[in-house]
Amino acid sequence: MTDARVPTIDLRPWLDGDEESRAALARTVDSALQTAGFLLVTGHGVEPELRAGIRRAAREFFLLPVEAKRRYEAKVGGRGWLGPGAEANGYAEGTETPPDLKESLTFATDEPFDDPVVNAEWYAPNMWPAEVPELRTLCRTYLARMAALEKELLSLLGYALGLRPDFFSRHMDRPTYGFNINWYPGTEVVGEPLPGQFRIGPHTDFGTVTILDRQAGKGGLQVYTDAGGWEDAPYDPAAFTINIGDLLARWTGDRWRSGRHRVLPPPADAPAEELMSLVYFGECDPGTRVESVPAPVGRVSYPPVDSHVYLREKLDSITVH
């Protein structure tokens, strides 16, 4: 995939550059999000040692016996362990695929909200594995960094549309972010892939902004564009992969596209390949009214939706029953 479709941008000019540098960066962002819905972002200031530490601790958990992991079992959109066969992301597109070839540890916002009903659904306590106590501290540090980075990205996105920089970020006072640590083991763990089976099936993300720290591999991330079809996503170990989700695409009236992607199954020529992704799903406050910006910024006018009614429907749609 060419860098023109998924460019690498340095965030530092946005954080401390002059107006000309910020405007040039915004033009690049606007162009890329109209094409593929993806960016690579450097200059974010998140240390590689923190990301590596999370991977080491999470791997300890994933290698535990199933009986130990089952104590933390959760439903899709919950907090805890999603075991093999829990999700099929292709369902969100209406495609009947076999379940995704992965396991996940999933954490999310757990600070109390004012409304007990909202609390029960979106701010439940996290289930931190007692067998790997360091994971809690590492993830909390990482999530604080991601929340700050998400707010900066959303400010940049508002500016890139020619709107006020807080057009999106002002809906981030109590966001219901989610965090998945996705483990993609080799065929010795998951078995031979079935026809049409992926580590994660083709889909778009559901919310606002996704911040992905990924590893390169033959069975890795692919991005879909109209011009090129499915292509391997570009990779830079120093960069986060950023894509926008369905809600932000609706918000922009489809000026920007929700980035369609998939993760390939373990490759036949490297069946033992093991990868791990850290996936931060940035969301807005519960009850945010998502309404398409009008022309000339927006292209399509969608009816307004409640952000979290939409998210719950999507999360339910990928659950394997």
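Notes on the structure in this doc start here.

Rules used in this analysis
Residues numbered from 1 in each chain as written. Predicted model: local features only at pLDDT ≥ 70, side-chain atom pairs only at ≥ 80, totals over all residues. Heavy atoms only, no water. Helix = DSSP H or I, 4+ residues; strand = E, 2+ residues; numbered from the N terminus. Rg over C-alpha atoms; globule rule 2.2 N^0.38 Å. Buried < 20%, exposed > 50% of the residue type's maximum accessible area, 1.4 Å probe, protein only. Contact = heavy atoms within 4.5 Å. Areas by Shrake-Rupley, 256 points an atom, 1.4 Å probe, with all protein chains shown as cover. Lys, Arg positive; Asp, Glu negative; His and termini not counted. Charge placed at Lys NZ, Arg CZ, Asp CG, Glu CD. Axes fitted to C-alpha atoms, helices over the stretch in contact; angles between N-to-C directions. Left-handed = near helix turned anticlockwise from the far one by under 90°. Nonpolar A, V, L, I, M, F, W, Y, C, P; charged D, E, K, R; others polar. Parallel < 35°, antiparallel > 145°, perpendicular 65-115°, else oblique. Polar contact = N/O pair within 3.5 Å; in protein donor to acceptor, adjacent residues only side chain to side chain.

1. Description of the overall build of the chain
Okay, so step 1: Within the chain, the regular secondary structure consists of 10 helices and 14 strands.
Okay, so step 2: A compact globule built from 321 residues would reach a C-alpha radius of gyration of about 20 Å, and the chain, at 19 Å, matches this within 12%.
Okay, so step 3: The principal-axis extent of the C-alpha atoms belonging to the chain is close to 55 × 50 × 40 Å.
Okay, so step 4: The proportion of buried residues among the 321 residues of the chain is 56%.
Okay, so step 5: Here the contacts in the chain between residues at least 6 apart in sequence split such that 78% fall between residues at least 24 apart.
Okay, so step 6: In the form shown here, the chain has an accessible surface area of approximately 13500 Å², with 54% of it arising from carbon and sulfur atoms.
Okay, so step 7: One finds the centroid of the 33 positive side-chain charges in the chain at a distance of 0 Å from the centroid of its 47 negative side-chain charges.

2. Things to note about the packing of helix H3 (residues 48-62) against helix H6 (residues 134-160)
Okay, so step 1: Following both chains from N to C, one finds H3 and H6 inclined at 145 degrees, their axes separated by 9 Å at the closest point. Relative to H6, the crossing made by H3 is left-handed. Side by side, H3 and H6 meet where Leu50, Arg51, Gly53, Ile54, Ala57, Ala58 and Glu60 of the first sit next to Glu134, Leu135, Leu138, Cys139, Thr141 and Tyr142 of the second.
Okay, so step 2: Taken together, the residues of the contact of H3 with H6 break down into 8 nonpolar, 2 polar and 3 charged.

3. Focus: the packing of helix H2 (residues 19-35) against H6
Okay, so step 1: For the pair H2 and H6, interaxial distance at closest approach is 9 Å and the crossing angle is 85 degrees. Relative to H6, the element H2 is oriented roughly perpendicular. Here H2 contributes Glu19, Arg22, Ala23, Leu25, Ala26, Val29, Asp30 and Leu33 to the contact with H6, which in turn contributes Leu156, Leu157, Tyr159 and Ala160.

4. Section: the environment of Thr225
Okay, so step 1: Mapped onto the secondary structure, Thr225 falls in strand E8 (residues 221-225).
Okay, so step 2: It is 28 Å that separates the C-alpha atoms of Thr225 and Gly77, two residues lying 148 residues apart in sequence.
Okay, so step 3: Side-chain polar atoms of Thr225 contact the backbone nitrogen of Gly228, separated by 3.0 Å.

Function-wise, these values are silent; they only describe arrangement.
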